[in-house]
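Notes for the structure review
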Amino acid sequence: MPFGGAALDLVGVPLPEETSTAAKQSDAILLGAIGGYKWDKNEKHLRPEMGLLNIRRDLNVFANLRPATVLPQLVDASTLKKEVAQGVDMMIVRELTGGIYFGEPRGITINENGEEVGFNTEIYAAHEIDRIARVAFETARKRRGKLCSVDKANVLDASILWRKRVTALASEYPDVELSHMYVDNAAMQLVRDPKQFDTIVTNNIFGDILSDEASMITGSIGMLPSASLGESGPGLFEPIHGSAPDIAGQDKANPLATILSAAMLLKYGLGEEKAAKMIEDAVVDALNKGFRTGDIYSPGNKLVGCKEMGEEVLKSVDSKVPV
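Residues numbered from 1 in each chain as written. Predicted model: local features only at pLDDT ≥ 70, side-chain atom pairs only at ≥ 80, totals over all residues. Heavy atoms only, no water.

Under an unreviewed UniProt entry, the name given to the protein chain is 3-isopropylmalate dehydrogenase, and the source organism is Arabidopsis thaliana. Under the UniProt heading Catalytic activity (unreviewed entry), the note attached to the protein chain is "(2R,3S)-3-isopropylmalate + NAD(+) = 4-methyl-2-oxopentanoate + CO2 + NADH". Taken from UniProt, the Function (unreviewed entry) comment for the protein chain reads in full: "Catalyzes the oxidation of 3-carboxy-2-hydroxy-4-methylpentanoate (3-isopropylmalate) to 3-carboxy-4-methyl-2-oxopentanoate. The product decarboxylates to 4-methyl-2 oxopentanoate." (UniProt positions renumbered as here; feature names shortened; annotations may be inferred.)

**So, the domain arrangement of the protein chain**
Per the domain assignment, the segments of the protein chain are domain 1 (1–59), domain 2 (60–219) and domain 3 (243–322). For domain 1 versus domain 3, the distance between C-alpha centres works out to 25 Å. Between domain 1 and domain 3, the contact holds nine residues from the first and nine residues from the second. Area buried by domain 1 at its contact with domain 3 is led by Ala-28, Leu-30 and Tyr-37, which between them contribute 60% of it. For the interface between domain 1 and domain 3, the tally reads two residue pairs in polar contact (both at pLDDT 80 or more). Split by residue class, the side of domain 1 that touches domain 3 holds six nonpolar, two polar and one charged. (Domains from an automatic or database assignment. Contact = heavy atoms within 4.5 Å. Buried area = accessible area lost by both parts, 1.4 Å probe. Polar contact = N/O pair within 3.5 Å; in protein donor to acceptor, adjacent residues only side chain to side chain. Nonpolar A, V, L, I, M, F, W, Y, C, P; charged D, E, K, R; others polar.)

**What to know about empty space enclosed by the protein**
Following the criterion strictly, the structure yields one cavity of 30 Å³ or more and no others. Quantified by volume, the largest cavity comes out at close to 30 Å³. Along the walls of the largest cavity sit Glu-122, Tyr-124, Val-150, Asp-151, Ala-158, Ser-159, Trp-162 and Asn-203, which together make up its complete lining. Contributing elements (two or more residues each) for the lining of the largest cavity: strand 6 (146–151) and helix 6 (157–169). The dominant element in the lining of the largest cavity, judged by the number of residues it contributes, is helix 6, at three residues. (1 Å grid on protein atoms, 1.4 Å probe; cavity = no way out; pocket = protein on both sides within 12 Å on 5 of 7 lines; lining within 4 Å. Points joined across faces, edges and corners; volume = space filled by probe spheres on them. Helix = DSSP H or I, 4+ residues; strand = E, 2+ residues; numbered from the N terminus.)

**Concerning a nonpolar patch on the surface**
Residues Leu-10, Val-11 and Val-13 make up a contiguous nonpolar surface patch of about 270 Å² in total accessible area. Inspection of the secondary structure puts Leu-10 in helix 1 (residues 5–11). (Patch = residues over 30% accessible without salt bridge, like charges linked within 9 Å, V, L, I, M, F, W, Y side chains within 5 Å. Areas by Shrake-Rupley, 256 points an atom, 1.4 Å probe, with all protein chains shown as cover. Salt bridge = Lys/Arg side-chain N within 4 Å of Asp/Glu carboxyl O.)

**Description of the sheet that holds strand 6**
What holds strands together in a sheet is hydrogen bonding between their backbones, with the strands either parallel or antiparallel. Taken in spatial order, the eight strands make up an open sheet running 1-10-9-2-3-8-6-7, and their pairing is mixed. In this open sheet, the two edge strands, each paired with only one partner strand, are strand 1 (28–30) and strand 7 (177–182). With strand direction ignored, the average angle separating the axes of adjacent strands in the sheet is 20°. One ladder, built from four bridges, connects strand 6 with strand 8 (residues 199–202); its direction is parallel. Bridged to Val-150 within strand 8 is Thr-202. On the sheet, helix 7 (residues 183–192) packs against strand 3 (89–95), strand 6, strand 7 and strand 8 and is oriented at approximately 105° with respect to strand 7. (Pairing = 2+ DSSP bridges. Axes fitted to C-alpha atoms, helices over the stretch in contact; angles between N-to-C directions.)

Set out below in structure tokens:
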């Protein structure tokens, strides 16, 4: 279904009614990256990114799961020292449908001095915090049992409530070790000692920033998938990167984040864990054979384009599927 820039070109809006309806009626949604220079000067409501915010809101997918794992084959692609990056394996759970990106009032107006002012509202209700915290506690429980809640409770009232609600829920999860960290410190710790983190839970804007930072520890944003889940209805699965308009049409993009998003779709969206593992193993297999797109290339490996990388992963999947 058309969406984002493709939909703008086709019908003039970033999220057509038919696309929204089809999404709501599906079991799970695999989303391509959107956006590009072509639409950057559009009015705000006609930008591809508004389609993304709207589909998240329409589907009420409030929990965004972003894994950041350093694969042994790609440890040299990380900008961090090998001993710092090696073994990093974390999950960032980001609240996706509240906070400053959606809060009202918002806007640009003229104040009493005749000067333009822009304003947004960071706002969270208790139930919004509770539900994302539960997803994070459940996620940590399935991983290594450590949850770090990131906020700015020393300054922001919304964060004071955030910390209070997350702390109150901890008693329901005695097997999960809960800690709290201010966002500025978390940003530093992610590059100083990323291995200390197992599962992180945070609000919309902090999660947006920290998950991109964490992605660079892995060597490339082109490697990372994400899942956005609600309490019911279909989940949304997409790479965390944008559409990379600077290399569009040049067969240079890394397809692995999208392929791994399909694996997450199978695992979290459809409960097909075996099929998901087959795809994940195929990605590792292609990397083990030395195939690399430009963003993760290091000397001694084979530089390939987007198409060839996809074909190598496919070969590995095909070799494991019984005829």
